[in-house]
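Survey of secondary and tertiary structure
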Amino acid sequence: MKNRLRELRAARHWSQADLADRCGVSRQAINAVETERHDPSLPLAFTLADVFELTIEQVFLPDRPSVDR
Amino acid sequence: MSDHLQEDNHTRAARRALFMEGLPVVTLGALALALGSGPDPGTTLRNGWLAATTVFTLSVVWLLVRAFRRADEYLRRIQLESMAVAFAAVMVALWLATALAAADVVDLRQVVPAILVAGPALWLVLADLRTRWHR
């Protein structure tokens, strides 16, 4: 899933390890989410959004075609 | 960027816990090995070796379960996928060894322990390589 982790992290001058400590996960997990190799669980996605004081929609971008309503 | 040089607290704590819990288990393994290395062990020594080996095996399982529970969702996924690949490899190897033993090509009693040792080794190597690959 596309996300803005790298950009948000860079804006705050945080390393991956800093973000990992704030979220209580390993740096590898942050790296995997950032490089789109791992889709985070809903609890981790909420934690990541909370850490950046944003909503999930502002951090994660769905990589699927938009649904016509 | 210093991303790859820094270590997070989660990994540091997990490594420390594994070391603290692993030390007595390794000691027990060495004790079991020492008890079983005698050329002609008596009944008492043999029973001691059996007890030490059983406790050692159970404590290795306990160690792995603890490490698994401590891991975060990504590392747990890596462990599970590596375990699945190793399990499949062991199954195929056992099937092959059984077929070859039926054809009198190999001795099953000699091959099976090697396969059973190679399985967990493959699991650990795969899990390690996969976490090192994308640092």
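Above this note sits the structure.
Quick caveat, the model's predicted, so the values are computed rather than measured. Counting restarts for each chain: residues are numbered from 1 in the order of the written sequence. Chains carry letters and ligands carry numbers; both start at the beginning, A for chains and 1 for ligands, and go up in the order they are written. In keeping with the model being predicted, local features are shown solely for residues with a pLDDT of at least 70 and side-chain atom pairs are shown and tallied solely at 80 or more, while totals for entire chains, interfaces and linings include all residues. Hydrogen atoms and water are omitted, and side-chain values are computed over all heavy atoms in the structure.

**Considerations on the overall build of chain A**
Rules: Secondary structure elements are taken from DSSP: a helix is a run of H or I of four residues or more, a strand is a run of E of two residues or more, and numbering for both begins at the N terminus. Our radius of gyration looks at C-alpha atoms and nothing else; its globule reference is 2.2 Å times the residue count to the power 0.38. His is not counted, nor are the chain ends, whereas Lys and Arg count as positive and Asp and Glu as negative. The location of each charge is read from NZ of Lys, CZ of Arg, CG of Asp or CD of Glu.
Helix and strand content of chain A: five helices and two strands. The order of helices and strands in chain A, counted from the N terminus, is β-α-α-α-α-α-β. A globule of 69 residues ought to have a C-alpha radius of gyration of about 11 Å, and chain A, at 12 Å, matches this closely. The C-alpha extent of chain A, read off along each of the three principal axes, is 40 × 20 × 20 Å. Taking the average location of the 10 positive side-chain charges in chain A and that of its 11 negative ones, the two points are 3 Å from each other.

**Regarding the packing of helix 3 (residues 73-102) of chain B against helix 4 (residues 108-133) of chain B**
Residues and elements named next belong to chain B. Convention followed: Axis angles are defined between N-to-C directions and span 0 to 180 degrees, where every axis is a line fitted to C-alpha atoms and, for a helix, only to the segment in contact. Working rule for angles: under 35 degrees goes down as roughly parallel, over 145 as roughly antiparallel, 65 to 115 as roughly perpendicular, anything else as oblique. Whether a crossing is left-handed or right-handed is set by the direction in which the near helix is turned from the far one by less than a right angle, anticlockwise for left-handed and clockwise for right-handed. Amino acids outside the nonpolar list (Ala, Val, Leu, Ile, Met, Phe, Trp, Tyr, Cys, Pro) and the charged list (Asp, Glu, Lys, Arg) are all regarded as polar, and Gly is one of them.
Their axes nearest at 8 Å, the elements helix 3 and helix 4 cross at an angle of 155°. Classified by the angle between their axes, helix 3 and helix 4 sit roughly antiparallel to one another. Handedness of the crossing formed by helix 3 with helix 4: right-handed. Classifying every residue of the contact of helix 3 with helix 4 gives 20 nonpolar, five polar and three charged.

**Side note on the nonpolar core**
Among soluble globular proteins, nonpolar side chains are generally buried collectively. This is how the line gets drawn: Buried residues of nine kinds, namely Ala, Val, Leu, Ile, Met, Phe, Trp, Tyr and Cys, make up a nonpolar core once their side-chain atoms join them within 4.5 Å. A 1.4 Å probe rolled over the protein chains alone gives each residue an accessible area, and that area as a share of the maximum for its type sets the label: buried under 20%, exposed over 50%, partly exposed in between. Throughout, a residue-residue contact means that at least one pair of heavy atoms, one from each residue, lies within 4.5 Å.
If you look at the biggest cluster of nonpolar residues, it comprises 24 residues, and the most contacted ones within it are A:Leu19, A:Cys23 and A:Leu48. For this core, the secondary structure elements donating two or more residues are helix 1 (5-11), helix 2 (16-23), helix 3 (27-34) and helix 4 (42-51) of chain A together with helix 3 of chain B. Sequence-distant contacts of A:Cys23, defined by excluding residues within four places in its chain, comprise A:Leu44, A:Thr47, A:Leu48 and A:Val51.

**Topic: unusual backbone geometry**
The phi torsion at A:Glu53 lies on the positive side, around 55°, for a residue other than glycine. One can find A:Glu53 in the loop between helix 4 and helix 5 (56-59). Note on A:Glu53: relative accessible area 74%, which makes it exposed. For B:Asp104, which is not glycine, the phi torsion reads 60° and is therefore positive. Looking at the element boundaries, B:Asp104 is found in the loop between helix 3 and helix 4. The class of B:Asp104 is exposed, set by a relative accessible area of 71%.

**Remarks on the side chain of A:Asn3**
Residues and elements named next belong to chain A. The line we're drawing: Counted as a polar contact is a pair of N or O atoms within 3.5 Å, where, for protein atoms, one must be capable of donating a hydrogen and the other of accepting one, and residues adjacent in sequence contribute only when both atoms are in side chains.
Here asparagine 3 is to be found in strand 1 (residues 2-3). A polar contact of 3.2 Å, which involves the side chain of asparagine 3, links it to the backbone oxygen of methionine 1. In this structure asparagine 3 touches Val33, Glu34, Glu36, Val59, Phe60 and Leu61, once residues within four positions along its chain are discounted.

**What to know about a nonpolar patch on the surface**
Residues and elements named next belong to chain B. Stated precisely, the cut-off is as follows: Only residues whose relative accessible area exceeds 30% and that form no salt bridge enter a patch; like-charged residues are grouped when within 9 Å of one another, and nonpolar side chains (Val, Leu, Ile, Met, Phe, Trp, Tyr) when within 5 Å. Where accessible areas are quoted, they stem from the Shrake-Rupley method and a 1.4 Å probe; at the residue level, only the protein chains shown are allowed to cover. When a carboxyl oxygen of Asp or Glu is within 4 Å of a side-chain nitrogen of Lys or Arg, the pair counts as a salt bridge.
A surface patch of nonpolar side chains, about 440 Å² in accessible area, is lined by Trp95, Leu96, Leu100 and Val105. When you line up the elements, valine 105 lands in the loop between helix 3 and helix 4. Owing to a relative accessible area of 55%, valine 105 belongs among the exposed residues under this scheme.

**Some remarks on the interface of chain A and chain B**
Convention followed: The term buried area denotes the loss of accessible surface (1.4 Å probe radius) that occurs when two parts are joined, taken as the sum for both partners.
Each side of the interface is counted separately: chain A has 22 residues, and chain B has 17 residues. Where chain A abuts chain B, roughly 1,600 Å² becomes buried across the two surfaces, and 46% of that area is made up of carbon and sulfur atoms. When the buried surface of chain A facing chain B is broken down by residue, A:Arg27, A:Gln28 and A:Arg37 rank first, second and third, together holding 34% of it. Taken together, the links from chain A to chain B amount to zero salt bridges. Summed over the shared surface of chain A and chain B, the number is seven residue pairs in polar contact (both at pLDDT 80 or more). Looking at the side of chain A that touches chain B, the elements that each hand over two or more residues are helix 2 and helix 3 of chain A.

**Digging into the packing of aromatic side chains**
All names here are of chain A. Worth spelling out the cut-off: Stacked, tilted and edge-to-face pairs are distinguished by plane angle, under 30 degrees for stacked and over 60 for edge-to-face with tilted covering the rest, among Phe, Tyr and Trp rings (Trp via its six-membered ring) whose centres lie within 6.5 Å. Counting as a charge over the ring demands two things of the Lys NZ or Arg CZ atom: a distance within 6 Å of the ring centre and an angle within 35 degrees of the ring normal.
Tallying each qualifying case throughout the model produces one aromatic pair over all chains. Geometrically, the ring pair formed by tryptophan 14 and phenylalanine 52 is stacked, given 5.5 Å between the ring centres and 25° between the ring planes. Here phenylalanine 52 lies in the loop between helix 4 and helix 5 and tryptophan 14 lies in the loop between helix 1 and helix 2, a separation of 38 residues in the sequence. Taken individually, tryptophan 14 and phenylalanine 52 each receive the classification buried, so the pair is uniform in this respect. Here arginine 22 stacks its cationic end above the ring of tryptophan 14, 4.0 Å away from the centre of that ring.

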